[in-house]
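Letter by letter, the chains look like this.
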Amino acid sequence: MGRIDELSVDPLRSRIMRSVGSKKTKPEMLVRRALHTIGYRFRTNSKALPGSPDLAFTARKKAIFVHGCFWHRHSNCRLATTPKTRAEFWENKFSHNVERDARKVAELESLGWEVIAVWECETRQMDTVLPRVVEFLGKPRVMER
Ligand SMILES: [Zn+2]
């Protein structure tokens, strides 16, 4: 099989395309990268906060969790399937995850933080989800330095 098309593409561009398009790119990384590009600065997995939110915007007191649809049970999402075997095991595991997520949000909110979740399936269409996230966060600060 000739791979002429691939060879004729600029190597850097093709590497970028591969990284952006890869299904292996974690949803959290997609969100981080997009928000960083827009100009937001944030802490990741801050241990100083309850639940170590995936992204924490300290000055704004806003936090974002990026959730895998399967593990965190995105409602009405086709990625949130339930395995046929060991149903009870999975149901327990899922409900545990959902409870823990709710607890994290409650703890953050009790400290005056606002919290949203961005779902894995949404990160497949960043242009759709980003406006919602920007609205939540407020505009990025003008970059200093
Ligand atoms: Zn989903």
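The paragraphs below set out a description of the structure included in this document. Quick caveat: nothing in here was measured; it's all calculated off a predicted structure. (Residues numbered from 1 in each chain as written. Predicted model: local features only at pLDDT ≥ 70, side-chain atom pairs only at ≥ 80, totals over all residues. Heavy atoms only, no water.)

Moving on to the overall build of the protein chain. When its secondary structure is counted, the protein chain shows six helices and four strands. The order of α-helices and β-strands along the protein chain, N terminus first, is α-α-α-β-β-β-α-α-β-α. The buried share among the 145 residues of the protein chain stands at 34%. For the protein chain, the accessible area works out to roughly 10,300 Å², and carbon and sulfur atoms hold 54% of it. (Helix = DSSP H or I, 4+ residues; strand = E, 2+ residues; numbered from the N terminus. Buried < 20%, exposed > 50% of the residue type's maximum accessible area, 1.4 Å probe, protein only. Areas by Shrake-Rupley, 256 points an atom, 1.4 Å probe, with all protein chains shown as cover.)

So, on to helix 6 (residues 126-137). With 12 residues, helix 6 ought to run about 16 Å at 1.5 Å a step, and its terminal C-alpha atoms sit 16 Å apart, in line with that. Listed as buried for helix 6 are Met-126, Val-129, Leu-130, Val-133, Phe-136 and Leu-137. Buried residues of helix 6 fall within an arc of 120° about the axis and therefore sit on the same side. More than 90 degrees from the buried face of helix 6, the exposed residues found are Asp-127, Thr-128 and Glu-135. Elements in contact with the buried residues of helix 6: helix 3 (27-38), strand 2 (55-57), strand 3 (62-67) and strand 4 (114-119). Following helix 6 by one or two positions, Gly-138 has its phi on the positive side, about 85°. (Expected span 1.5 Å × (residues − 1). Arc of directions from axis to C-beta. Contact = heavy atoms within 4.5 Å.)

Here we take up the sheet that holds strand 4. Hydrogen bonding along the main chain pairs the strands of a sheet, whether they run parallel or antiparallel. Across the sheet, four strands lie side by side as 1-2-3-4; this open sheet has mixed pairing. Two strands close off the open sheet at either side, each with one partner strand: strand 1 (43-44) and strand 4. Of the strand pairs in this sheet, strand 1 and strand 2 are connected by two bridges, and their pairing is antiparallel. By the bridge assignment for strand 2, Thr-44 is matched with Leu-55. Packed onto the sheet, helix 5 (residues 87-110) meets strand 3 and strand 4 and runs at close to 170° relative to strand 3. (Pairing = 2+ DSSP bridges. Axes fitted to C-alpha atoms, helices over the stretch in contact; angles between N-to-C directions.)

Moving on: the coordination of the zinc ion. Distances from the zinc ion to its protein donors, namely Cys-69 (SG), His-74 (ND1), Cys-77 (SG) and Cys-121 (SG), fall within the range 2.0 to 2.4 Å. Because the angles between the four donor atoms bound to the zinc ion fall within 98 to 114°, the donor set is best described as tetrahedral. As a motif over one chain, the donors of the zinc ion read C-x4-H-x2-C-x43-C. No difference in accessibility class separates Cys-69 from Cys-77, as the two residues are buried. (Donors = N, O, S within 2.8 Å, 3.2 Å for Na, K, Ca; no water. Tetrahedral: all angles 85-135°; square planar, octahedral: opposite > 155°, others 65-115°.)

Let us now look at the pattern of salt bridges. Oppositely charged side chains may form a pair once their charged atoms are brought near each other. Under the defined criterion, the tally for this structure stands at four salt bridges. For the salt bridge of Arg-124 with Glu-120, the shortest nitrogen-to-oxygen distance reads 3.8 Å. The partner of Glu-122 in a salt bridge is Arg-132, and the shortest N-O contact between them spans 3.0 Å. On the criterion of sequence distance, the pair formed by Glu-122 in the loop between strand 4 and helix 6 and Arg-132 in helix 6 is long-range, its members being 10 residues apart. With relative accessibility at 22%, the residue Glu-122 sits in the partly exposed group. The exposure class of Arg-132 is partly exposed, given its relative accessible area of 34%. (Salt bridge = Lys/Arg side-chain N within 4 Å of Asp/Glu carboxyl O.)

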